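Fold and contact review
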Amino acid sequence: MAMAIAFSAYGGPDVLHPIDIDPPLAEAGQVRVRVKAAGVNPVDVKLRRGDFAATMPIKFPCRLGNEYAGIIDQVGDGVAGFVTGDEVLGSATGQAYAEYVLVNAADVVRKPADMPWTVAGGLPAVGQTAYTALRQIAVQPGDTVLIHAAAGGVGTMAVQLARLWGATVIGTASEHNHDYLRSLGAIPVAYGDGLVASQSPTRPRDRNGASA
Ligand SMILES: NC(=O)c1ccc[n+]([C@@H]2O[C@H](COP(=O)([O-])OP(=O)(O)OC[C@H]3O[C@@H](n4cnc5c(N)ncnc54)[C@H](OP(=O)(O)O)[C@@H]3O)[C@@H](O)[C@H]2O)c1
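Note that the structure is a prediction, hence the values are computed from the model and not measured.

**Looking at the confidence of the model for the protein**
- Of the residues in the protein, 92% reach a pLDDT of 70 or more, and the chain-wide mean stands at 93.
- Confidence drops under pLDDT 50 across residues 206–212; counting only partners more than four residues distant or on other chains, this segment forms eight contacts.

**Regarding the site of the ligand**
- If you check the shell around the ligand, you find 15 residues, and the closest are Gly 153, Val 154, Ser 174, Asn 177 and Tyr 191.
- In the model, an oxygen atom of the ligand is placed 3.5 Å from a nitrogen or oxygen of the Val 126 main chain.
- Compared with its free state, where it exposes 900 Å², the ligand has 51% of that area covered by protein.
- Put simply, the parts of the chain that give the shell around the ligand at least two residues each are helix 1 (42–49), helix 3 (124–136) and helix 4 (153–164).
- A per-element tally of the shell around the ligand places helix 3 first, with three residues.
- Taken together, the residues of the shell around the ligand break down into eight nonpolar, six polar and one charged.
- Counting contributing residues per domain, the shell around the ligand is built from domain 1 (2–117) and domain 2 (126–198), each supplying no fewer than three.

**So, helix 3**
- Counted at 1.5 Å a residue, the expected span for helix 3 with its 13 residues is 18 Å, and the 18 Å between its end C-alpha atoms agrees.
- The complete set of buried residues in helix 3 reads Pro 124, Val 126, Gly 127, Ala 130 and Leu 134.
- Each element contacted by the buried residues of helix 3 is listed here: strand 5 (67–75), strand 6 (87–91), helix 2 (117–121), strand 9 (144–147) and helix 4.
- Trailing helix 3 by a residue or two, Ala 138 shows a phi angle of about 50°, which is positive.

**Description of the packing of helix 3 against helix 4**
- One way to put it is that helix 3 packs onto helix 4 with a least axis distance of 8 Å and a crossing angle of 50°. Between helix 3 and helix 4, the angle is such that the two are oblique. Between helix 3 and helix 4 lies a crossing of right-handed hand. Here helix 3 contributes Val 126, Gly 127, Thr 129, Ala 130, Tyr 131 and Leu 134 to the contact with helix 4, which in turn contributes Gly 153, Val 154, Met 157, Ala 158, Leu 161 and Ala 162.
- Among the residues forming the contact of helix 3 with helix 4, the class breakdown is nine nonpolar, three polar and no charged.

**Regarding the domain arrangement of the protein**
- For the protein, the domain assignment lists domain 1 (2–117) and domain 2 (126–198).
- One C-alpha centre belongs to domain 1, the other to domain 2, and the line joining them spans 29 Å.

**Concerning the side chain of Asp 86**
- When you line up the elements, Asp 86 lands in the loop between strand 5 and strand 6.
- Given the relative accessible area of 13%, Asp 86 is considered buried.
- A polar atom in the side chain of Asp 86 sits 2.9 Å from the backbone nitrogen of Val 83.
- At a separation of 3.3 Å, a polar atom in the side chain of Asp 86 contacts the side chain of Arg 110.
- Look past the residues within four positions of Asp 86 in its chain and what remains in contact with it is Gly 70, Ile 71, Ile 72, Gly 81 and Arg 110.

**Observations concerning the packing of aromatic side chains**
- One pass over the structure, following the stated rule, counts four aromatic pairs.
- Relative to Tyr 10, the ring of Phe 7 has its centre 6.2 Å away and its plane inclined at 45°; by these criteria the two rings are tilted.
- The class of Phe 7 is buried, set by a relative accessible area of 0%.
- The interplanar angle of 70° and the centroid separation of 5.6 Å between the aromatic rings of Phe 7 and Phe 60 together place this pair among those described as edge-to-face. Here the residue Phe 7 occupies a position in strand 1 (residues 2–7), and Phe 60 occupies one in the loop between helix 1 and strand 4 (62–63), the gap between them amounting to 53 residues.
- Clustering of aromatic rings is evident, with ring pairs tying together Phe 7, Tyr 10 and Phe 60.
- Across from the ring centre of Tyr 100, 4.2 Å away, lies the NZ or CZ of Arg 32, which sits over that ring.
- Here the basic side chain of Arg 135 rests over the ring of Trp 165, its NZ or CZ set 4.4 Å away from the ring centre.

What counts, and where the lines are drawn
- Residues numbered from 1 in each chain as written.
- Predicted model: local features only at pLDDT ≥ 70, side-chain atom pairs only at ≥ 80, totals over all residues.
- Heavy atoms only, no water.
- pLDDT = per-residue confidence, 0-100.
- Contact = heavy atoms within 4.5 Å.
- Near = heavy atom within 4 Å.
- Polar contact = N/O pair within 3.5 Å; in protein donor to acceptor, adjacent residues only side chain to side chain.
- Areas by Shrake-Rupley, 256 points an atom, 1.4 Å probe, with all protein chains shown as cover.
- Helix = DSSP H or I, 4+ residues; strand = E, 2+ residues; numbered from the N terminus.
- Nonpolar A, V, L, I, M, F, W, Y, C, P; charged D, E, K, R; others polar.
- Domains from an automatic or database assignment.
- Expected span 1.5 Å × (residues − 1).
- Buried < 20%, exposed > 50% of the residue type's maximum accessible area, 1.4 Å probe, protein only.
- Axes fitted to C-alpha atoms, helices over the stretch in contact; angles between N-to-C directions.
- Parallel < 35°, antiparallel > 145°, perpendicular 65-115°, else oblique.
- Left-handed = near helix turned anticlockwise from the far one by under 90°.
- Phe/Tyr/Trp six-rings, centres within 6.5 Å; stacked < 30°, edge-to-face > 60°.
- Lys NZ or Arg CZ within 6 Å of the ring centre and 35° of its normal.

Okay, here's the thing in structure tokens:
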């Protein structure tokens, strides 16, 4: 058997408990990853607390976890580019709090060798969210981007990507996070009245990249 973490009633972290599951087996195009670290995201907390109980009924015991980092220990037929022992990270909807995840090889990314497991396990969701949002507004060198909650998980990734892509970044955060934002290359500002009027956020562009 393999171990997974689930909850069988809504509540705080204390409702989480281990369950036994059949060890998943990699099918064609899939890899099985032995999980070293799994990220905890706001959506996990909201689901476990029952915030979605009215709109998204679930069956107990319900498993959790959408992102992982770990070591490939089984490779399905037809998978090229990965072998057992490779250190990887990625998304694994609703199954990452577990000993193993089963994922499509096409959705797996190599973990940089010097990246700690705990960082790698918390990277996929915030990274993907920040990347998608910044791509949506087509951030380009010379843009000025306003990022709210810039010191949070998603914000931290968004600040770094926008800086990497050549933008000036203004980030909202509590005062105690301002030095942190400066260390990422952002200009920190506090939340509060008058914020919108005092800043010039990047606006969505049309398909030709012009300002819209
Ligand atoms: N984590 C993910 O993968 C993911 C994916 C998709 C969507 N989301 C959503 O994105 C949001 C942020 O997620 P996260 O993971 O980055 O959360 P997080 O790490 O907990 O960060 C939340 C941030 O919100 C800021 N904040 C607190 N009060 C605020 C206010 N009144 N106005 C503006 N910002 C305020 C805090 O900044 P200070 O501490 O500086 O005050 C904190 O840094 C959540 O709504 C989450 O559901 C997250």
